[in-house]
Amino acid sequence: MRIVQFEAGGRVGCGVEAAGAVYATGYADTLALIRDGARGLERAQEAPERGDAVEVDRLLAPLTNPGKILGSGVNYRSHGDEEPGFVFPDEVVWDFIKLASAIVGPGDPIVIPPADDVIVRGPGGAAQFSEHGFAVDYEVELGVVLGTRAKNVRREDALEHVFGYTVFNDVGSRSVQFHNGQRDLGKNFDTFCPMGPCIVTKDELPDWEGIRIESRVNDELRQSALAGEQIGPPPVAIEWLSSVLTLEPGDCLMTGTPAGCGTFMDPPRFLQPGDTVTVSASGIGELTNPVVQGEARTR
């Protein structure tokens, strides 16, 4: 099933997308459906038979209120190889957290942070890439959405805890991320977590290793890889993370990005106002977002 969140007639709901139409599940949001377990899946399966299609005003991110979004900075060898001097760690690394406040959905703008007098970035600044302002970059990532609580899970059982898969664009400000170790701050400006266009339940994507993720900027292919190329694939990630913390229904894993980020091109090619970014995953779909300039502000 393809699970979506939508806005229609001034209200928000969770629906199932089938044959080009959206059918309401009766849940106010996707998190409520996930938390309802097997009953939630049953109601979603029955939705196309139970009622008429919804006249959707717009699709939202398929999950807007996850408790945790956990990210792995280097989970594809090609991404590590493209960074000069990168030394691969000796264990699986999950090294940042994305916040729900950064989530946007299909068609929503990615906002380049405005120049201001709080976090100053510009030519002559001390931060790496500050000559490019906030140096905003894209990263396509396969998203894993948890369906049941997971604690101290073994990798052979890990996929039993997965609800489904989605696509993330892990947008980040490199001139903040790389300066003074502010990785989390650099990745959590408002609008820096496009997600969508849907969550596909795991039963429809049993061969997750064959999912191909790609990114395009202005229709130019920038990134392309198979999920099976990950250093720490979803079963390993769930085993590793659940040994440290409890994963709850609706929590999300952003499973890393392959080579092709703008940061490591020569010269770097950061996102600019007027660009359009599309990230995709086979079997899930495409997520497209325009890039706009934020309004200038001062204290």
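One structure accompanies this document, and this report is about it. What you are looking at is a predicted structure, and each value in this text was computed from that prediction instead of being measured.

What counts and how
Residues numbered from 1 in each chain as written. Predicted model: local features only at pLDDT ≥ 70, side-chain atom pairs only at ≥ 80, totals over all residues. Heavy atoms only, no water. Helix = DSSP H or I, 4+ residues; strand = E, 2+ residues; numbered from the N terminus. Buried < 20%, exposed > 50% of the residue type's maximum accessible area, 1.4 Å probe, protein only. Contact = heavy atoms within 4.5 Å. Pairing = 2+ DSSP bridges. Axes fitted to C-alpha atoms, helices over the stretch in contact; angles between N-to-C directions. Salt bridge = Lys/Arg side-chain N within 4 Å of Asp/Glu carboxyl O. Phe/Tyr/Trp six-rings, centres within 6.5 Å; stacked < 30°, edge-to-face > 60°. Lys NZ or Arg CZ within 6 Å of the ring centre and 35° of its normal.

1. A few points about the environment of Ile-238
Thought 1: Topologically, Ile-238 is positioned in helix α6 (residues 234-242).
Thought 2: Residue Ile-238 is classed as buried on the basis of its relative accessible area, which comes to 0%.
Thought 3: For the pair Ile-238 and Thr-166, spaced 72 residues apart in sequence, the C-alpha to C-alpha distance is 16 Å.
Thought 4: For Ile-238, the contacting residues outside a window of four places in its chain are Val-153, Ala-158, Val-162, Leu-247 and Leu-253.

2. Details of the pairing of strand β13 (residues 193-201)
Thought 1: Most of β13 sits out of view: nine of its nine residues are buried.
Thought 2: Sheet topology places strand β1 (residues 2-8) next to β13; two bridges connect them, and they run antiparallel. In the strand pairing of β13, Ile-3 is matched with Ile-199.
Thought 3: The pairing of strand β7 (residues 103-104) with β13 spans two bridges and is parallel. When the sheet's bridge partners are listed, Ile-103 is paired in β13 with Cys-193.
Thought 4: Relative to β13, strand β11 (residues 162-169) is paired through four bridges, and the arrangement is antiparallel. Across the sheet, residue Val-167 finds its bridge partner in β13, namely Gly-196.

3. Remarks on the sheet that holds strand β8 (residues 110-112)
Strand pairing in a sheet relies on backbone hydrogen bonds, with the paired strands running either antiparallel or parallel.
Thought 1: Read from one edge of the open sheet, five strands run β8-β18-β17-β14-β15, paired in mixed fashion. Every interior strand has two partners, whereas the edge strands, β8 and β15 (220-226), have only one. Here the average twist between neighbouring strands, direction ignored, is 20 degrees.
Thought 2: Across three bridges, the pairing between β8 and strand β18 (residues 285-293) is parallel. From the neighbouring strand, Ile-110 faces β18, where its bridge partner is Val-291.

4. What about the pattern of salt bridges?
Thought 1: Counted by the stated rule, this structure contains 17 salt bridges.
Thought 2: For Arg-2, the salt bridge identified is with Glu-17, shortest N-O distance 3.0 Å. Separated by 15 residues along the polypeptide, Arg-2 in strand β1 and Glu-17 in strand β2 (residues 11-18) bring together distant segments of the chain.
Thought 3: For Arg-2, a relative accessible area of 24% corresponds to the partly exposed category.
Thought 4: With a relative accessible area of 25%, Glu-17 lands in the partly exposed category.
Thought 5: The partner of Arg-149 in a salt bridge is Glu-248, and the shortest N-O contact between them spans 3.0 Å. Taken together, the residues span a long stretch of sequence, with Arg-149 in the loop between β10 (140-146) and β11 and Glu-248 in the loop between α6 and β16 (252-254) at a distance of 99 residues.
Thought 6: One salt-bridge network, held together by shared partners, links Lys-98, Asp-137, Glu-139, Asp-170, Arg-174 and Lys-187.

5. Points about the packing of aromatic side chains
Thought 1: Enumeration over the complete set of coordinates arrives at five aromatic pairs.
Thought 2: Ring geometry for Phe-189 and Phe-192: centres 5.3 Å apart, planes at 45 degrees, overall tilted.
Thought 3: On the basis of relative accessibility, which here comes to 17%, the residue Phe-189 falls in the buried class.
Thought 4: Exposure remark for Phe-192: the relative accessible area of 0% places this residue in the buried category.
Thought 5: A connected cluster of aromatic rings, assembled from ring pairs, spans Phe-129, Phe-178 and Phe-270.
Thought 6: Arg-43 extends its terminal NZ or CZ atom over the ring of Tyr-27, reaching a point 4.4 Å from the ring centre.
Thought 7: Sitting over the ring of Phe-88, Arg-77 keeps its end group 4.2 Å from the ring centre.

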